[in-house]
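# Structure at a glance
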Amino acid sequence: MARQSKQYPTRISGARALVLAVLAVLTTACTSSGNVQSGTSKTPVVVATYSILGDLVADLVGDAAKVIVVIPNGQDQHEFEPSAKVVEQINNADFIVSNGLDLEEHLTDVLAEAATRGVGVFMAAEHVTLRKANAELTDAKDGAELTDAKDGNDPHLWLDPITLAEMIPDLSNELGKALGLDLSDSAAQLSLRLATIDVKIKEIMSTLPRCALVTGHDSLGYFAARYGCQIVGAVIPSLSSSAETSAGELADLKTAATQANVRAVFTEMGTPRAVVDQIAKEVGVKSVELRTHMLPAGGHYGDVMIQLATSIAGALK
Ligand SMILES: [Zn+2]
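Quick caveat, the model's predicted, so the values are computed rather than measured. (Residues numbered from 1 in each chain as written. Predicted model: local features only at pLDDT ≥ 70, side-chain atom pairs only at ≥ 80, totals over all residues. Heavy atoms only, no water.)

## Some thoughts on the overall build of the chain
Of regular secondary structure, the chain possesses 13 helices and ten strands. A burial count over the chain gives 44% of its 317 residues as buried. Put simply, 64% of the contacts in the chain that link residues at least 6 apart link residues at least 24 apart. Split by element, the accessible area of the chain, about 15,900 Å² in all, is 53% carbon and sulfur. (Helix = DSSP H or I, 4+ residues; strand = E, 2+ residues; numbered from the N terminus. Buried < 20%, exposed > 50% of the residue type's maximum accessible area, 1.4 Å probe, protein only. Contact = heavy atoms within 4.5 Å. Areas by Shrake-Rupley, 256 points an atom, 1.4 Å probe, with all protein chains shown as cover.)

Printed below as a string of structure tokens:
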């Protein structure tokens, strides 16, 4: 047995040598395809529209590609307007990963233009099961309406790791093809991480007897559906934080929040804090800020979701 153990390093070295040989062949192949500058392979560039998508794409490609996030982390995807530099980055990308469903409202035309120029554009929303805003309400009235509806689909698909995981096979295939990489291993690892995040969120949310949400805008539909929360309403009753609200809608929200006996009013980027604080005061509960559209400093997608669940569970206890 001991002699066999001693043989392993030799065998691993052999495998490493094989990997190096394959890499050398691949490098030569890239070089001969013309994707080269001064004898050095050019690293392909993948543009991700926002930071959370960029984090997932970076997980998939590792060091094999450079990932550029065009909407800076912390800026509102619904509001971001591209500079000339961003338009250039998008047009020069080897592949683009976007959300779709008008989340990146002001990038829609630029992305369509890049696609017509032949740049591969992956839209996450085309590869997951979509939900409508307040779908549970619509569902109760008319289930058939859900599947037929083309408008009003909720773009906040990243706020449920299981929904997000649905796109990983297609994303890794299309991205891999565009870059000439086999991403199946990293895709399997990423899918596993997303499943683990889901389990952790379930554990956190299981500490709550009841989860009734008032949010900044209609951003938590996927989260609520996955983790058994009720959406009572939103301060900005729209899928986009760039929409506006009215005095009548705010009055209705206060009534609904009071009737639902909510424990907190949540707010997020793009919602006027003063309005949220006023509603919370009138309902007699606290207001709590959630980070729904951005990565924490130095953090990853999993941190976004665990922090979100922890904040919600903490506020509603
Ligand atoms: Zn949003």
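That was the structure; now back to the text.
## Concerning the coordination of the zinc ion
Those protein atoms acting as donors to the zinc ion are His 78 (NE2), His 156 (NE2), His 217 (NE2) and His 293 (NE2), and they sit at 2.0 to 2.1 Å. Coordination geometry of the zinc ion: the four donor atoms subtend angles of 104 to 115 degrees at the metal centre, consistent with an arrangement described as tetrahedral. Counting along the primary sequence, the residues that act as donors to the zinc ion give the motif H-x77-H-x60-H-x75-H. One end of the pair, His 156, is in the loop between helix H6 (143–148) and helix H7 (161–165); the other, His 293, is in the loop between strand S10 (286–289) and helix H13 (301–316), with 137 residues separating them in the sequence. For His 156, a relative accessible area of 0% corresponds to the buried category. (Donors = N, O, S within 2.8 Å, 3.2 Å for Na, K, Ca; no water. Tetrahedral: all angles 85-135°; square planar, octahedral: opposite > 155°, others 65-115°.)

## Regarding the state of the cysteines
Under the criterion given, the structure shown has one disulfide. Bridging Cys 211 to Cys 229, the disulfide has an S-S length of 2.1 Å. Measuring handedness by torsion sign, the sulfur bridge of Cys 211 and Cys 229 sits at about 85 degrees and is right-handed. Remark: Cys 229 occurs in the loop between helix H10 (221–227) and strand S8 (230–236) and Cys 211 occurs in the loop between helix H9 (184–205) and strand S7 (212–217); sequence separation between them is 18 residues. Cys 229 sits in the buried class, given a relative accessible area of 10%. (Disulfide = S-S within 2.5 Å.)

## With respect to the pairing of strand S6 (residues 120–123)
Two faces make up the sheet, and in a regular strand the side chains alternate between them. Strand direction decides the pairing type here: strand S5 (residues 95–98) and S6, joined by four bridges, are parallel. Within S6, the residue paired with Phe 95 across the bridge is Gly 120. (Pairing = 2+ DSSP bridges.)

## Things to note about the nonpolar core
Grouped together as the largest cluster of nonpolar side chains are 74 residues, with contacts concentrated most on Ile 90, Met 167, Leu 175, Met 205, Leu 213, Phe 223 and Ile 312. Here the element with the most residues in this core is H13; it accounts for nine residues. Contact partners of Met 167, with chain neighbours within four places excluded, come to Leu 53, Leu 56, Phe 122, Ala 124, His 127 and Val 128. (Core = buried A, V, L, I, M, F, W, Y, C linked by side-chain atoms within 4.5 Å.)

## Points about the pairing of S7
Burial runs high along S7: six of the six residues are buried. Taken together, the five bridges between S7 and S8 define a ladder with parallel strand orientation. When the bridges of S8 are listed, Leu 213 appears paired with Ile 231. Handedness of the crossover joining S7 and S8 through H10 is recorded here as right-handed. (Right-handed = clockwise from strand over helix to strand, strands pointing away.)

## Points about the packing of aromatic side chains
Enumeration over the complete set of coordinates arrives at two aromatic pairs. Measuring from ring centre to ring centre gives 5.0 Å for Phe 223 and Tyr 227, while their planes differ by 55 degrees; the resulting arrangement is tilted. Of the two residues, Phe 223 and Tyr 227 are both situated in helix H10; the distance of four residues between them amounts to about one turn of the helix. Considered together, Phe 223 and Tyr 227 belong to a single accessibility category, that of buried residues. (Phe/Tyr/Trp six-rings, centres within 6.5 Å; stacked < 30°, edge-to-face > 60°.)

## Remarks on helix H11 (residues 247–259)
With 13 residues, H11 extends 18 Å from end C-alpha to end C-alpha; this agrees with the ideal 18 Å at 1.5 Å per step. Buried within H11 we find Leu 250, Leu 253 and Ala 257. Projected onto a plane normal to the axis of H11, the buried residues spread over an arc of 55 degrees and lie on a single side. In this structure, H11 carries Asp 252 and Gln 259 as exposed residues pointing more than 90 degrees from its buried face. Among the residues trailing H11, Asn 261 stands out with phi positive, at a value near 55 degrees. (Expected span 1.5 Å × (residues − 1). Arc of directions from axis to C-beta.)

## Here's the deal with the environment of Gly 152
On the secondary structure map, Gly 152 appears in the loop between H6 and H7. Gly 152 sits in the partly exposed class, given a relative accessible area of 35%. When the C-alpha positions of Gly 152 and Ala 133 are compared, they lie 6.4 Å apart, and in sequence the two are 19 residues distant. Setting aside chain neighbours within four positions, we find Gly 152 in contact with Arg 131, Lys 132, Ala 133 and Leu 239.

## Considerations on the confidence of the model for the chain
Residues with a pLDDT of 70 or more make up 82% of the chain, whose mean pLDDT is 86. Contacts for the low-pLDDT stretch residues 1–39, under 50 throughout, to residues beyond four places or in other chains number nine contacts. Of the regions scoring below 50 in pLDDT, residues 136–150 engages in nine contacts with residues more than four places distant in sequence or in other chains. (pLDDT = per-residue confidence, 0-100.)

## Some points on the pattern of salt bridges
Summed over the entire model, instances satisfying the criterion amount to seven salt bridges. Between Arg 193 and Asp 59 there is a salt bridge, with the nearest N and O atoms lying 3.0 Å from each other. Here Arg 193, found in helix H9, pairs with Asp 59, found in helix H2 (residues 51–61); they are 134 residues apart in sequence, far enough to count as distant. Note on Arg 193: relative accessible area 38%, which makes it partly exposed. For Lys 254, the salt bridge goes to Glu 282, with nearest N and O atoms at 2.4 Å. Within this pair, whereas Lys 254 is found in helix H11, its partner Glu 282 is found in helix H12 (residues 273–283), the two being separated by 28 residues in sequence. Classification of Lys 254 as partly exposed rests on a relative accessible area of 23%. Look at Glu 282 and you get partly exposed, because its relative accessible area is 44%. Put simply, Arg 273, Asp 277 and Glu 289 are held in one network by salt bridges that share partners. (Salt bridge = Lys/Arg side-chain N within 4 Å of Asp/Glu carboxyl O.)

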